[in-house]
Amino acid sequence: MKHIIVTGGAGFIGSNFVHYVVNHHPDVHVTVLDKLTYAGNKENLAGLPEDRVKLVVGDIADTELVDRLVKETNAVIHYAAESHNDNSLKDPSPFVHTNIMGTYTLIEACRKYGVRYHHVSTDEVYGDLPLREDLPGHGEGPGEKFTAETPYNPSSPYSATKAGSDLLVKAWVRSFGLKATLSNCSNNYGPYQHIEKFIPRQITNVLAGIRPKLYGEGKNVRDWIHTNDHSSAVWAILTEGRIGETYLIGADGEENNKQVLELILELMGQPKDAYDQVTDRAGHDLRYAIDSTKLNEELGWKPAFTNFREGLADTIQWYTDHKEWWLVEKEAVEAKYAQNNQ
Ligand code: NAD
Ligand code: DAU
């Protein structure tokens, strides 16, 4: 792994992975291939050594560009995506282009040059689960969390295109011998996450004097993992995972949205009820939960960030200290949500 390509490396999770590689693996050189959409930001890579990290601004669906870059690399770690469910409900077309056509373009090039490929995906491909209280084993019984054997059942245009991209990769492994692994991770939090997403939206709402916005009653459960733990897991799978296998990444971080919002308000010194309940998301998935036993037992991976309260407090501090990173976009992001009464 002397040279790797990280697609979407100027986004939230991709840039965290680039920092992780630079900090932990001094022999590795990284080319970031990123289109710098609204979600990509060069600043996410600021301070990284120029002799080890090169940014190429371009589209993962550009066959010529991808062919030229992939020819000269040892591995492609594919993070680039249109990643926000609410946007996919308004206009699915960029999701089909990037998530399906972009993935197709990358795996074709990796197949042509025999290059190792890792596919970064989401737990949302499995659809959703009932709430713990409605399950016989209260969320701990067989089949009550997602595993690599859970059937695909995506709900939104976003998750359907991610599911489609996973299936392309699995077919390329079986039919063409693509040297690929896949990972499906739960909800990430941490610095550099775009302010359209739940946690940074509410933190920056409080900082900007806007009341936080909870969809519906806030009973939907997400399984939170710190993005640094996602990065260490992807590295473990890339270097030690078995070709053709899917690994689920999670850190046992289930919380419902109301609990998360109340914790943000408490940590930011606000009254517990200082938020608005707004129009719910269409087709809103109820609960996600990851069983990461395979990753833990086979590759010995464990999360380092196991205290959500502390991780959230650090994240709040980061957004407080980096107003210049998000303030310029805040008004436009909120105006877009307001069109949906959200
Ligand atoms: P993000 O939206 O923050 O970043 C996406 C990046 O991809 C941006 O830098 C953007 O410029 C780039 N990009 C978009 N279209 C592109 C194109 N056509 N060509 C090149 N670059 C393009 O996303 P994120 O939250 O960091 O998610 C990264 C990956 O992780 C995605 O594949 C997502 O499905 C997956 N994932 C995310 C989460 C989560 O909680 N956010 C959880 C599990 C998996
Ligand atoms: O599970 C992994 C997925 O997590 C990733 O694949 C996606 O890329 C990532 O965006 C995330 O998807 P979610 O839809 O779960 O994340 P989001 O931050 O949009 O919303 C989290 C929860 O919070 C969800 O139940 C909707 C709710 N929500 C969201 C926003 C933006 C609110 O209640 N209020 C809000 O303002």
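Conventions adopted
Residues numbered from 1 in each chain as written. Chains lettered and ligands numbered in written order. Predicted model: local features only at pLDDT ≥ 70, side-chain atom pairs only at ≥ 80, totals over all residues. Heavy atoms only, no water. Helix = DSSP H or I, 4+ residues; strand = E, 2+ residues; numbered from the N terminus. Rg over C-alpha atoms; globule rule 2.2 N^0.38 Å. Contact = heavy atoms within 4.5 Å. Areas by Shrake-Rupley, 256 points an atom, 1.4 Å probe, with all protein chains shown as cover. Lys, Arg positive; Asp, Glu negative; His and termini not counted. Charge placed at Lys NZ, Arg CZ, Asp CG, Glu CD. Expected span 1.5 Å × (residues − 1). Buried < 20%, exposed > 50% of the residue type's maximum accessible area, 1.4 Å probe, protein only. Pairing = 2+ DSSP bridges. Axes fitted to C-alpha atoms, helices over the stretch in contact; angles between N-to-C directions. Left-handed = near helix turned anticlockwise from the far one by under 90°. Nonpolar A, V, L, I, M, F, W, Y, C, P; charged D, E, K, R; others polar. Salt bridge = Lys/Arg side-chain N within 4 Å of Asp/Glu carboxyl O. Near = heavy atom within 4 Å. Polar contact = N/O pair within 3.5 Å; in protein donor to acceptor, adjacent residues only side chain to side chain. Phe/Tyr/Trp six-rings, centres within 6.5 Å; stacked < 30°, edge-to-face > 60°.

A. The overall build of the chain, seen in detail. The helix and strand tally for the chain stands at eleven helices and 13 strands. Here the C-alpha atoms of the chain give a radius of gyration of 19 Å, agreeing with the 20 Å that 2.2 N^0.38 yields for 342 residues. In the chain, 82% of the contacts between residues at least 6 apart in sequence involve partners at least 24 apart. Here the chain displays about 14,600 Å² of accessible surface, and carbon together with sulfur accounts for 50% of that area. Treating the 34 positive side-chain charges of the chain as one cloud and the 48 negative ones as another, the clouds have centres 3 Å apart.

B. Quick look at helix α1 (residues 12–24). Compared with an ideal rise of 1.5 Å per residue, which puts 13 residues at 18 Å, α1 spans 19 Å between its outermost C-alpha atoms and is within 8% of the ideal. Where burial is concerned, most of α1 is hidden: ten out of the 13 residues are buried. The inward-facing, buried residues of α1 contact β1 (3–7), β2 (29–34), β3 (53–57), β4 (75–78), β7 (188–189) and α7 (227–240).

C. Structural view of the sheet that holds strand β5 (residues 116–122). As summarised here, the arrangement of the seven strands in space is β3-β2-β1-β4-β5-β6-β11, forming an open sheet in which the pairing is parallel. The open sheet has two free edges, formed respectively by β3 and β11 (246–249), since each of these has just one partner strand. Strand-to-strand twist in this sheet, taken as the mean axis angle between neighbours without regard to direction, amounts to 20°. The sheet contacts of α1 involve β1, β2, β3 and β4, and relative to β1 the element is tilted by about 160°. With respect to the sheet, helix α4 (residues 93–113) is in contact with β1, β4 and β5, its orientation differing from that of β5 by roughly 160°.

D. Geometry of the packing of α1 against α7. Running from N to C, α1 and α7 cross one another at 65°; their axes reach a closest spacing of 9 Å. For the crossing formed where α1 meets α7, the hand is right-handed. Judged by residue contacts, Phe12, Ile13, Asn16, Phe17, Tyr20 and Val21 of α1 engage Thr227, Asn228, His230, Ser231, Ser232, Val234 and Trp235 from α7. Partitioning the contact of α1 with α7 into residue classes produces seven nonpolar, six polar and no charged.

E. Region of the structure containing the side chain of Glu144. Tracing the sequence through the fold places Glu144 in the loop between β5 and α5 (157–176). This buried residue, Glu144, is left without a salt bridge; Arg287 holds the nearest opposite charge, at 6.5 Å.

F. Inspection of the site of ligand 1 at higher detail. The environment of ligand 1 is made up of 29 residues, and the closest members are Ile13, Asp34, Ser83, Tyr158 and Lys162. Measuring from an oxygen atom of ligand 1, one finds a side-chain N or O atom of Ser83 at 2.7 Å. Contact distances for ligand 1 include 2.6 Å between an oxygen atom and a side-chain N or O atom of Tyr158. When isolated, ligand 1 has an accessible area of 840 Å², and the protein chains bury 97% of it. Of all the elements in the fold, those that place two or more residues in the shell around ligand 1 are α1, β5 and α5. Take the shell around ligand 1: its biggest share by element is three residues, from β5. A per-class count over the shell around ligand 1 returns twelve nonpolar, twelve polar and five charged.

G. Main features of the pairing of β4. Residue alternation in β4 divides its side chains into two sets, Ala75 and Ile77 and Val76 and His78, and both sets are buried. One ladder, built from four bridges, connects β1 with β4; its direction is parallel. Its bridge partner lying in β4, Ile5 is registered against Val76. One ladder, built from four bridges, connects β4 with β5; its direction is parallel. If you follow His78 over to β5, its bridge partner there is His119.

H. Layout of the environment of Ala313. By secondary structure assignment, the location of Ala313 is in helix α10 (residues 308–321). Using a relative accessible area of 31% as the deciding quantity, one classes Ala313 as partly exposed. Considered as a pair, Ala313 and Pro49 are 264 residues apart in the sequence and their alpha carbons are 29 Å apart.

I. Here's a closer look at the packing of aromatic side chains. Going through the model one piece at a time under the given rule, you end up with 14 aromatic pairs. Ring centres 5.1 Å apart and planes at 85° place the aromatic pair Tyr189 and Phe308 in the edge-to-face group. Remark: Phe308 occurs in helix α10 and Tyr189 occurs in strand β7; sequence separation between them is 119 residues. Comparing Tyr189 with Phe308 shows no difference in burial state: the two are buried.

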